[in-house]
Each structure stands twice: as C-alpha cells, then as structure tokens.
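Inside the fold
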Amino acid sequence: MPPAPRQNRPPAPKPAAAVPATLTPPKVNRSTPDRCAGDGSYSQAVDCFRSTSRLLFSIEEPKGLRAEGEMTRSTIGAERERFTLHGAGKDDGQWSAEAKVTGVLWTHAGRRTPAEPSVADRIWQRTTLYIDAQKKEGEAQRAGNERIAGEECIRYRFTDANSGDLHEVWVSTADGHIVQVKVEAHGAFPSYEMRVTKAGR
C-alpha cells in the first residue's frame, strides 16, 4: 500500500515579541527661586542657595562679630542685601548693598560709602555667591543626620583642596535648602558659621 501523501502543515506562529512596559521617568524635583525642592543632596542645595529669591541669614565670626540680615534677588546678578553688623567697632550698624552693572553700591547708616570694609564684602560673598571650593575628597562627604534648630538635616563634610579649610554643611531633608554652614579656616579669611532661617518666599 503506497504511503499516505505528506501534508504540508503551516509553520507554527512565532511568539509575539514582548512589548516593553512604558517606563515612567522618575520625578525630578526642581527648585525655583521662590521654593527649594532639593532631594537632600549637597549639589542641589548649592543650586538652590545660588538661585533663591530670598535668604534670611545670620553669620558669626570669631571675636564676637555677628551679622543678621536678608538677601533678595529678582534675578541672578541683581541682588540686594541689608544686614546689621555687631562687634566690628566703627563699622557696626545698618548696612545695605545693591548689585549694579558698575559694581556693588554700599550704604552704611543711611549714607552712601565708596569703600566697604572687608567684613561687609565677606558677608556679601557668602550670601550671594556661595563659592563652592574644590574638594580634597572629590565631593562633599555625607556624615550622618542631625537636627538643627528643630529641622532634620543631612550633614556633609569636605576639605578645601587649596586652603585646607574644613567645611561642614547641613542640608534640610524637608526641602533641600542649606540650613547651616561652618567653616574652620586655615587660610587668609576667618572661620565663620552661617545659619539660614529662610530660603525663598
């Protein structure tokens, strides 16, 4: 008996290619001039500090020098500042400063002054620029969590690769703004401690 004719079977269907699930990119918080929205990292805290529209601060240096005041900026490069200085002898009292194209204009006790003292210039730089030093460690090192003025913070530490100054920076875990800075100086400028009680509106 002849063999049954071979039947051609259609090829088995190929398994459908797996369709990758749509990945939702992680939400990235973005700070605005009126509100810090950092993730607690040192770098985002510095970005917020440099762009914030308003900063309430106090700064202390050794030998009893203290300044308390407010910095505001409508845009970067258009800062205004006013503070009260204590412990600086003849330079005590009310200071105000405003960034102009020609430089920073200073007023002391309501009178325009052509040359501000070095302490006033240091306060201006610390509150408007936040000069972030090159770090011996490569980047700021996380050194635990602490409460500062009732606020939960991440503490960072690093060493200035050029001057050897030791820096400690506390960053709020709530919104990522810089709460406190301490610098133990070994160079030409004095040590200081700065507290920020408000960043943004």
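What comes next is a walk through the structure. (Residues numbered from 1 in each chain as written. Predicted model: local features only at pLDDT ≥ 70, side-chain atom pairs only at ≥ 80, totals over all residues. Heavy atoms only, no water.)

**Things to note about the pattern of salt bridges**
Scanning the model with the defined rule gives 16 salt bridges in all. Between Glu68 and Arg66 there is a salt bridge, with the nearest N and O atoms lying 3.0 Å from each other. Judged by relative accessible area, Glu68 falls into the partly exposed class, the value being 36%. A salt bridge links Glu152 to Arg147; its shortest N-O distance comes to 3.3 Å. What you see here is one network of salt bridges that share partners, running through Glu146, Arg155, Arg157 and Glu168. (Salt bridge = Lys/Arg side-chain N within 4 Å of Asp/Glu carboxyl O. Buried < 20%, exposed > 50% of the residue type's maximum accessible area, 1.4 Å probe, protein only.)

**Quick look at the nonpolar core**
One finds Tyr42, Phe83, Leu85, Ile123, Tyr130, Val169 and Val181 to be the most contacted residues of the largest nonpolar core, which totals 38 residues. Here the element with the most residues in this core is helix 1 (residues 42-51); it accounts for five residues. Residue contacts for Val181: discarding those within four places in its chain leaves Tyr130, Glu168, Val169, Tyr192, Glu193 and Met194. (Core = buried A, V, L, I, M, F, W, Y, C linked by side-chain atoms within 4.5 Å. Helix = DSSP H or I, 4+ residues; strand = E, 2+ residues; numbered from the N terminus. Contact = heavy atoms within 4.5 Å.)

**Some points on the sheet that holds strand 8 (residues 151-159)**
Strand order in the open sheet made by the 11 strands is 6-5-4-3-2-1-11-10-9-8-7, with antiparallel pairing throughout. Each end of this open sheet is capped by a strand with a single partner; those strands are strand 6 (111-113) and strand 7 (141-148). When strand polarity is set aside, the average angle formed by the axes of neighbouring strands in this sheet is 20°. The sheet contact formed by strand 8 and strand 9 (residues 166-172) spans seven bridges and is antiparallel. (Pairing = 2+ DSSP bridges. Axes fitted to C-alpha atoms, helices over the stretch in contact; angles between N-to-C directions.)

**Observations concerning the packing of aromatic side chains**
This model, assessed by the stated rule, comprises six aromatic pairs. Taking 5.9 Å as the distance between ring centres and 80° as the angle between the ring planes, the aromatic pair formed by Trp95 and Trp106 counts as edge-to-face. Taken together, the residues Trp95 in strand 4 (residues 93-100) and Trp106 in strand 5 (residues 103-108) connect sequence positions 11 residues apart. Relative to Trp124, the ring of Trp106 has its centre 6.1 Å away and its plane inclined at 65°; by these criteria the two rings are edge-to-face. Here Trp124 lies in helix 2 (residues 118-128) and Trp106 lies in strand 5, a separation of 18 residues in the sequence. Of the two residues, Trp106 and Trp124, neither departs from the other in class, the shared state being buried. An aromatic cluster is defined as three or more aromatic residues linked by ring pairs; in this entry it consists of Phe83, Trp95, Trp106 and Trp124. Over the ring of Tyr192 we find Arg126; its NZ or CZ atom is 3.8 Å from the centre of that ring. Above the ring of Phe158, the side-chain terminus of Lys135 is found at 4.6 Å from the ring centroid. (Phe/Tyr/Trp six-rings, centres within 6.5 Å; stacked < 30°, edge-to-face > 60°. Lys NZ or Arg CZ within 6 Å of the ring centre and 35° of its normal.)

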